[in-house]
Amino acid sequence: MASIFNSLNIGYSGLNAAQVGISTTSHNIANAETDGYTRQRVVFSASTPITTLPGQVGNGVDILEVKRVFDNFVFDRYSKVSSDKEYSDFEKKTLEELSTYFPEIDAVGIKADLQEYYNMWQTFADNPDNDAIKLALSKQAQTLAEHVQYTQNQVTSLQFQVNEQLSVNINEVNSIAKELSQLNIAIDVAESGDMYSANDLRDKRNVLELDLARLIGAKTNAGQLESNIQIDSSSNTKTGSYTVSVNGFNIVDGSSFHPIHFSKEGNASGFYELSYERQDGVLIPMEEVISGGKIGAILDLRGGTIDTTSGMPTDGIIQNAVSQLNAFAKGLIESTNNLYVNAPTTKMESNSIELNDTNSIMNSSLNVKEGSFNVVIYDIDGNAVATRKIDIDKATTMTGVADSNSIEGQLKSQKDDNGDSNANNDIDDYIAFNWSSFANGEHALELTIDPLSKSRGYTFAIEDGLRDSNFASGTNFAGALGLNRFFDGKDASDITLNHTLKGNPTLIFAGNAPVAGDNTLALDMVQNQFENYDFKVGDSTSFNTTLYGMFDIVATDVGSATNVAIFRQETVSTQFNATELEYSSVSKVSIDEEMTNLIKYQTSYGAAAKIITTIDQMMQTLLGIKQ
């Protein structure tokens with residue numbers, strides 16, 4: 001039956017309950033600004049009553065547990081939108097930086113330099129023998145080339161900066177994953193026997209999960225979802241098995257973690273490659289599967305797919321700008337050089353090229369097309385004294401015996417080019433063919449006029465055979481090889497004015513023949529700006545447009561990507577703010593609410609203390625009766 005001592009115990013249980021409530025409330029208030037902290041609530045239950053006459057008598061209050069107010073569904077949405085926001089923030093910041101490299105407004109930028117470059121060719125065409133104009137043309141050509149090269153260096157520098165951030169962030173991912181695996185052990189120990197909830201440890205784990213989501217778009221998977229409706233109607237949490245995965249690759253599995261490997265040692269271009277180590281030790285490339293968080297943005301900007309031969313990315317917004325600018329510069333170099341080879345000279349040297357002696361020229365990486373070109377010999381007065389047509393088809397090689405289907409064979413063929421039955425004044429009598437091989441496996445073509453003819457003032461030139469009026473309808477043989485170059489270099493990374501012309505601009509030719517007043521070549525150069533060419537970007541994309549049009553594509557793609565990133569960031573930020581507000585409304589500490597609870601528990605504590613005081617007085621009365 002109930003006794004006075006039982007009543008004393010009831011008062012004590014109320015006192016203890018109020019004290020735990022005050023401690024929990026104090027803990028909430030102290031951590032109100034702690035990142036990732038989830039407010040906690042005490043779960044009370046009436047103690048088992050004492051059964052007696054006339055019925056069950058209350059036996060005080062029990063403290064079941066202290067639970068945090070947490071909604072796993074809201075947290076999952078918060079993690080996802082946090083990943084999206086980190087992605088969009090980094091993408092926007094990087095693309096805004098990239099867009100500053102293309103200031104194509106107010107007559108500033110590469111396009112303005114290109115326009116001025118062709119204006120100088122027009123001025124040169126009007127005054128073909130003026131050395132001062134030649135000097136001005138060389139300066140403008142250098143300015144254009146340097147601006148293209150500088151812009152490309154800025155873009156590639158940004159790409160490598162982004163690449164270096166990859167290693168920093170992967171290191172952080174591995175560190176967090178390791179910490180999570182250790183934290184899982186601590187949670188399992190704290191919650192062993194299903195008696196207690198490791199609230200603060202779970203908060204810390206959620207913070208790390210959120211960090212992984214922001215860094216790499218990682219997703220957390222747990223075994224069973226349990227509702228905590230006693231705390232809050234929306235409160236629930238996951239228990240049981242625990243993994244953290246990145247697009248199917250588990251980087252945390254309970255108490256163990258699997259680091260993401262990264263290295264650039266095997267990459268020819270210095271780009272980091274990511275891989276996941278299977279249980280059998282095999283490394284699986286994983287750049288292409290990472291699409292979320294800051295690292296996902298890094299890979300989408302830098303390029304996630306790496307070419308195994310060159311080590312260069314084959315995709316990515318920055319890499320696309322690099323490839324497009326290279327295509328523009330290569331088109332400028334080759335189209336200009338393919339025209340400038342009309343200028344008469346005594347020696348032509350090609351670039352170093354990757355082409356085996358007997359391999360098909362058209363099936364190589366060189367941009368050579370089927371067709372023909374003419375080799376023309378000029379005398380000292382500028383008269384064409386010999387011309388030979390050189391054909392190129394899919395079987396044409398660089399070297400071969402005389403009369404074979406090769407460049408060498410066709411040049412050495414003993415033909416009567418002039419139809420004068422003289423065997424000593426044909427192309428094979430003037431031109432020497434030399435195919436050089438280098439230690440790195442590359443080759444170079446050298447065409448020279450024989451010394452005797454050179455001493456007599458003879459020169460030679462190459463004229464591409466056009467199938468129609470378009471400059472692009474020729475073979476582009478000289479342009480692709482870089483014979484008698486106006487521009488040195490292969491793409492935007494190394495384009496420059498030919499070193500000989502840079503040293504002596506008066507050597508620049510305006511005509512196709514070595515005679516005063518000829519401006520044919522200069523006029524062709526002016527026309528070149530309006531000609532359409534095929535600009536190949538990567539392995540699958542090609543644009544048929546002018547040089548201006550190709551550069552517009554480069555600048556427009558960068559500008560469009562930046563605008564899309566800005567709009568996406570604004571949208572994602574709005575979603576993030578809404579989701580963060582929802583998450584905070586569920587789990588974040590409200591100082592006003594905690595102050596109310598503090599007053600409530602304080603009052604409860606005072607009332608429980610009054611019960612004990614009352615019981616004490618009753619006991620004193622009983623003891624007084626006995627005396």
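Quick summary incoming for the structure in this document. No experiment lies behind these values; they were computed from the predicted model shown. (Residues numbered from 1 in each chain as written. Predicted model: local features only at pLDDT ≥ 70, side-chain atom pairs only at ≥ 80, totals over all residues. Heavy atoms only, no water.)

Attention shifts here to the pairing of strand S14 (residues 384–392). Of the pairings in the sheet, the one linking strand S13 (residues 371–378) to S14 comprises eight bridges and is antiparallel in character. Bridge pairing links tyrosine 378 to alanine 384 in S14. Between the antiparallel neighbours S13 and S14 lie five residues, among them glycine 382 with a positive phi of about 90 degrees. (Pairing = 2+ DSSP bridges. Helix = DSSP H or I, 4+ residues; strand = E, 2+ residues; numbered from the N terminus.)

Side-chain alternation along strand S20 (residues 533–537) places Tyr533, Phe535 and Val537 on a buried face and Asp534 and Lys536 on a face that remains uncovered. Pairing between S20 and strand S21 (residues 541–545): five bridges, direction antiparallel. Bridged to aspartate 534 within S21 is asparagine 544. The hairpin turn running from S20 into S21, its antiparallel successor, is three residues long, and glycine 538 in that turn takes a positive phi close to 70 degrees. (Buried < 20%, exposed > 50% of the residue type's maximum accessible area, 1.4 Å probe, protein only.)

This brings us to the sheet that holds strand S15 (residues 431–437). The antiparallel open sheet is built from three strands, whose spatial order is S12-S16-S15. Looking along the sheet, the strands with just one partner apiece sit at the ends: strand S12 (347–349) and S15. Ignoring strand direction, the axes of neighbouring strands in this sheet form an average angle of 10 degrees. Relative to strand S16 (residues 443–449), S15 runs antiparallel, the two sharing seven bridges. Across the sheet, serine 437 pairs through a bridge with histidine 443, a residue of S16. (Axes fitted to C-alpha atoms, helices over the stretch in contact; angles between N-to-C directions.)

If you look at the biggest cluster of nonpolar residues, it comprises 91 residues, and the most contacted ones within it are Tyr117, Trp121 and Phe486. Tallying contributions element by element places helix H4 (residues 131–190) first for this core, with 17 residues. Contacts of tyrosine 117, omitting those with residues within four sequence positions, involve Leu137, Gln140, Ala141, Leu144, Thr336, Phe486 and Phe487. Listed in part, the 33 residues of the second largest apolar core include Leu355, Ile390, Met398 and Ile449. (Core = buried A, V, L, I, M, F, W, Y, C linked by side-chain atoms within 4.5 Å. Contact = heavy atoms within 4.5 Å.)

The full count for this structure, using the stated rule, is 25 salt bridges. Between glutamate 91 and arginine 568 there is a salt bridge, with its nearest N and O atoms 2.5 Å apart. In this pair, glutamate 91 sits in helix H2 (residues 72–99) while arginine 568 sits in helix H14 (residues 547–587), placing the two residues 477 residues apart along the sequence. The partly exposed category is assigned to arginine 568, whose relative accessible area is 33%. Linked by salt bridges that have partners in common, Arg39, Arg41, Glu593 and Glu594 make up one network. (Salt bridge = Lys/Arg side-chain N within 4 Å of Asp/Glu carboxyl O.)

Moving on, we get to the packing of H2 against H4. One way to put it is that H2 packs onto H4 with a least axis distance of 10 Å and a crossing angle of 160 degrees. Taken together, the axis directions place H2 and H4 in an arrangement best described as roughly antiparallel. The two elements H2 and H4 cross, and the hand of that crossing is right-handed. Only Val155, Leu158, Val162 and Gln165 of H4 make contact with H2, whose side of the interface consists of Phe90, Thr94, Glu97 and Leu98. For the contact of H2 with H4, the per-class residue count stands at five nonpolar, two polar and one charged. (Parallel < 35°, antiparallel > 145°, perpendicular 65-115°, else oblique. Left-handed = near helix turned anticlockwise from the far one by under 90°. Nonpolar A, V, L, I, M, F, W, Y, C, P; charged D, E, K, R; others polar.)

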